[in-house]
Amino acid sequence: MLQKRSKWMALALAAAMCAGTLTGCGNDDAGQGNSSAPESQSSENSVGGQSSAEESSKGGAEQAGAETPDPVTLKVLMTGDKPNDWDAVLDEFYNRTRDTLNITFDWTWVPSADYKDKLNVKMTAGEEYDLVFDAPWMHLRTLSQDGIYADLSPYLNNDDYPGLKLAFPEDVMKYNKYSDINCALPLFWCYGGQNLVMYRQDWAKEWNIGTDGQINSHDELKEYLEAVLANKPGVTPIALKNNRGFYHLFDAVTVELQDDHIYQGTLGKDIFFAYKLNDEETEVVATALPGDPAEYWEPFGGVDFWKQKVETSREWNKYCETDSLNQADPGALFQIGKAGAYIDTIDAVPKYNSLLRNNAPEAELGVYIHEEAARNMEKGVYTASVVASNCLCVPASSDKIDRTMAFLNWMFESQENHDLFEYGIEGVHWEAVGDSQYKLPDGVETTTNYNPLGYNLSWNPNYYRFSADYTEYALPYAEFSADITNYNTDSRITGFSFKSDSVTTEITQCGAILGEVLAPLNHGILDEPYQVFQDTTAQLRENDV
């Protein structure tokens, strides 16, 4: 036991990566869009060669000068379905830049379900592409180690590329290095997604729950769920997603524990643990897994933080579907009134606000920000998430790197340029509302309108517009999450990413053991849940966690 514990302690600080990864602030399936579109969409334009990055560190500005560069076609590999009206957006781009960038595209869209495998095959086979989507949860770490991706440093923090300098500042890029180079451009729109529960505020008002229907505590949420159970036959009080369960609603390691230098880490494969740092936060002084014997939890005050989490989940399971483990789309139940509440993050509010109104004009969307510090918008409490879960990469084999970076510089150089790819053609696909919001033009349907996946090309906090479908209550929280000055950027663990190559086998073994019980525990399905955690953790330690 002592020998294994020593090995575990030696790895713990290196595994303290819980606060460093961004998922686009919302979807736990970030990087995974719809999967029904054709795989490829190509243009018919000619291809021209270009010089190296070293010869053209002036590309962004000077290519927009008096002399139009030779025409060139860039090959792009992207995850997801081809967006509606994509060709119209490209035509608008061509019209705007024909005399400056003179770039056209050969764009390949691969359904998300197939993208990870196809990306690996295409990159390792040396297929010619000039820009690709990759992610640390895909092949970014491995392909960067193999030298597949180009070092983009010459184009960053470079006054000749003002768009790239603004969008990807040094303070962010130093945390997004792979194989010690900046070969990945991070895509995200906020620095910390606000976790929340969406619910029917009109129902809460009817039952006199909260402040004019505004829920402000777990006790009020529980009262609301009890009321749904009693007053809405056939309605599930709260719908859970199969791979999430109660998600962050009952977090074990809360932000308040940071005052005692206590954090949550992960080794991958959902192997979570608590760790305590010294006062200077330079050394790990204790670690413990959920369900560990009491001796491990003594430095934490003698309490296993996961005990209450799994027991509360068990208590609240009566508010869920009986087969919640098989529910892939709980939001669909909520939007049609078959669920009284749904767990998500702040960026999902506009979608469900709009859908609810369409399905039931009398419906009012309520938002409960269930983390107290987040609800109070306390500045500096949360550590900024600056390591992106989604990235753009340029293959090192491309002979058009300069032109690719010139395009990206153009897209991030102004709000107008960025809006084109993020929202479509103004007046056709969207209309501005004030300086920072947008809405769909009258008569435009979301099902047929331009529908890009911003996480795979254009997300950036500098230019993000907030939908006019945000509720009045929710909008300030969304704005808060997109401002890095509201976050702690000095944490010792900011941006750290655990390199698991040397312990891949152990992590796979332990992940398989934990995987058998984790989802049922998160849904509160198992009897005596903490005993299950204790038994499982004993197996993890026997398998060299």
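As a convention, each chain's residues are numbered from 1 in the sequence order in which they are written. Per-residue local features are limited, in this predicted model, to residues with pLDDT of at least 70; the limit for side-chain atom pairs, both in listing and counting, is 80 or more; totals at the level of whole chains, interfaces and linings are taken over all residues. Hydrogens and waters are ignored; side-chain quantities use all the structure's heavy atoms.

I'm lost on the pattern of salt bridges in this one. Help?
When the charged atoms of two side chains with opposite charge come close together, those side chains can pair. What counts as a salt bridge is simple: a side-chain nitrogen of Lys or Arg found within 4 Å of a carboxyl oxygen of Asp or Glu. In total, this model carries 15 salt bridges according to the counting rule given. Here lysine 82 ties to aspartate 87 by a salt bridge, and the two come within 3.1 Å at their closest N and O atoms. On the basis of relative accessibility, which here comes to 25%, the residue lysine 82 falls in the partly exposed class. Among the ionic pairs, glutamate 311 bridges to lysine 307, the shortest N-O distance being 2.9 Å. Within this pair, glutamate 311 and its partner lysine 307 are both found in helix 11 (residues 305-316), separated by four residues, close to a single helical turn. Between buried and exposed lies partly exposed: a residue is buried under 20% and exposed over 50% of the maximum accessible area for its type, with that area taken using a 1.4 Å probe on protein chains only. The way it works is that DSSP assigns letters per residue, a run of H or I at least four long becomes a helix, a run of E at least two long becomes a strand, and they are numbered from the N terminus.

Can you walk me through helix 16 (residues 415-423) in this structure?
Along an α-helix, residues three or four positions apart point the same way, because every turn accommodates 3.6 residues. Burial runs high along helix 16: seven of the nine residues are buried. All of the buried residues along helix 16 are Asn417, His418, Asp419, Leu420, Phe421, Glu422 and Tyr423. Following helix 16 by one or two positions, glycine 424 has its phi on the positive side, about 100°.

How should I be thinking about helix 11 in this particular structure?
Helices are assigned an expected span. That span is 1.5 Å times one less than the residue count. In this model, helix 11 (12 residues) spans 18 Å end to end at C-alpha, consistent with the 16 Å of a helix rising 1.5 Å per residue. Of all the positions in helix 11, only Phe305, Trp306, Lys309, Val310, Thr312, Ser313 and Trp316 are classed as buried. End-on view of helix 11: buried residues confined to an arc of 160°, all on one side of the axis. On its buried side, helix 11 packs onto helix 9 (218-231), strand 7 (262-266), strand 8 (272-277), helix 10 (294-297), helix 18 (504-522) and helix 19 (529-542). Identification of polar contacts relies on pairs of N or O atoms within 3.5 Å, with a donor-acceptor requirement for protein atoms, meaning one able to donate a hydrogen and the other able to accept it, and with residues adjacent in sequence counted only if both atoms are side-chain atoms. The N-terminus of helix 11 is capped by aspartate 304, whose side-chain oxygen sits 2.9 Å from the backbone nitrogen of tryptophan 306. The reported arc concerns the directions from the helix axis to the C-beta atoms and nothing else. In what follows, a contact means two residues having at least one pair of non-hydrogen atoms within 4.5 Å.

What is the right way to look at the nonpolar core in this model?
Inside soluble globular proteins, nonpolar side chains tend to come together where they are buried. Residues enter a nonpolar core if they are buried and are Ala, Val, Leu, Ile, Met, Phe, Trp, Tyr or Cys, with the set joined through side-chain atoms within 4.5 Å. Core analysis: the biggest nonpolar cluster contains 104 residues, and Phe93, Phe105, Met405 and Phe421 have the highest contact counts within it. Broken down by element, the residue count for this core peaks at seven residues, all from helix 15 (residues 401-411). Where each domain begins and ends is defined by an automated method or by a domain database. When residues of this core are assigned to domains, at least three map to each of domain 1 (46-191 + 388-423) and domain 2 (195-378 + 494-539). With near-sequence residues (within four places) excluded, phenylalanine 93 lies in contact with Leu101, Ile103, Phe105, Phe407, Trp410, Leu420 and Phe421. Ranked by size, the runner-up nonpolar core spans 36 residues in total, among them Ile262, Ile493, Val503 and Leu518.

Where do I start with the packing of helix 15 against helix 16 in this structure?
Two quantities define a packed helix pair, namely the angle between the axes and the distance from one axis to the other. Fitted lines through C-alpha atoms give the axes, limited to the stretch in contact for helices. The angle between two N-to-C directions lies from 0 to 180 degrees. Where helix 15 contacts helix 16, the two axes come as close as 7 Å, and the packing angle between them is 100°. Taken together, the axes of helix 15 and helix 16 lie roughly perpendicular to each other. Judged by residue contacts, Phe407, Trp410 and Met411 of helix 15 engage Asn417, His418, Leu420 and Phe421 from helix 16. Ten residues, namely Ala, Val, Leu, Ile, Met, Phe, Trp, Tyr, Cys and Pro, are considered nonpolar, four, namely Asp, Glu, Lys and Arg, are considered charged, and the remaining ones, Gly among them, are considered polar. Grouping the constituent residues of the contact of helix 15 with helix 16 by class yields five nonpolar, two polar and no charged. We call two directions roughly parallel when the angle between them is under 35 degrees, roughly antiparallel when it is over 145, roughly perpendicular when it lies between 65 and 115, and oblique otherwise.

Just checking my understanding: could you explain the packing of helix 18 against helix 19 for this structure?
Interhelical geometry of helix 18 versus helix 19 gives an angle of 170° and a closest axis separation of 9 Å. Of the possible angle classes, the one that applies to helix 18 and helix 19 is roughly antiparallel. Along its contact with helix 18, which presents Cys510, Ile513, Leu514, Val517 and Leu521, the element helix 19 presents Pro529, Val532, Phe533, Thr536, Gln539 and Leu540. Looking at the contact of helix 18 with helix 19 residue by residue, the class counts come to nine nonpolar, two polar and no charged.

Looking at this structure, how should I read the packing of aromatic side chains?
Aromatic ring pairs are reported here in terms of the distance separating the ring centres and the angle at which the planes meet. Stacked, edge-to-face and tilted labels apply to pairs of Phe, Tyr and Trp rings (six-membered ring for Trp) whose centres lie within 6.5 Å, assigned for plane angles under 30 degrees, over 60, and everything in between, in that order. Counted according to the given criterion, the structure contains 42 aromatic pairs. Relative to tryptophan 109, the ring of tryptophan 107 has its centre 5.8 Å away and its plane inclined at 25°; by these criteria the two rings are stacked. For tryptophan 107, a relative accessible area of 1% translates into the label buried. Of the residues examined, tryptophan 109 reaches a relative accessible area of 3% and is grouped as buried. Ring geometry for tryptophan 189 against phenylalanine 466: centres 6.1 Å apart, planes inclined by 80°, an arrangement best described as edge-to-face. Of this pair, tryptophan 189 sits in the loop between strand 5 (185-186) and strand 6 (195-200) while phenylalanine 466 is found in strand 16 (residues 466-467), placing the two residues 277 residues apart along the sequence. For a lysine, the NZ atom is tested; for an arginine, the CZ atom; a charge sits over a ring if that atom is within 6 Å of the ring centre and within 35 degrees of the ring normal. If you follow lysine 75 out to its NZ or CZ, it ends over the ring of tyrosine 129, 4.7 Å from the centre. Over the ring of tyrosine 530 we find lysine 307; its NZ or CZ atom is 5.7 Å from the centre of that ring.

Would you mind showing me how to read the sheet that holds strand 10 (residues 341-345) here?
Sheet strands pair via backbone hydrogen bonds, and the direction of the pair is either parallel or antiparallel. Here we have three strands laid out as an open sheet, ordered 10-6-11, and antiparallel in their pairing. Across the chains shown, the open sheet's two edge strands, defined by having one partner strand only, are strand 10 and strand 11 (365-368). Taken over all neighbouring pairs, the strand axes of this sheet differ in orientation by 30° on average, direction set aside. Here strand 6 pairs with strand 11 via four bridges, running antiparallel. Whether two strands pair comes down to DSSP finding at least two bridges between them.

I'm lost on the sheet that holds strand 2 (residues 72-79) in this one. Help?
Strands sit in the order 3-2-4-13-5 across an open sheet of five strands; the sheet is mixed. What marks the edges here is a single partner per strand, and that holds for strand 3 (103-110) and strand 5. Direction of pairing for strand 2 relative to strand 3: parallel, over a ladder of eight bridges. Bridged to lysine 75 within strand 3 is aspartate 106. Sitting on the sheet, helix 15 touches strand 2, strand 3, strand 4 (131-134), strand 5 and strand 13 (391-393), and the angle it makes with strand 2 is about 70°.

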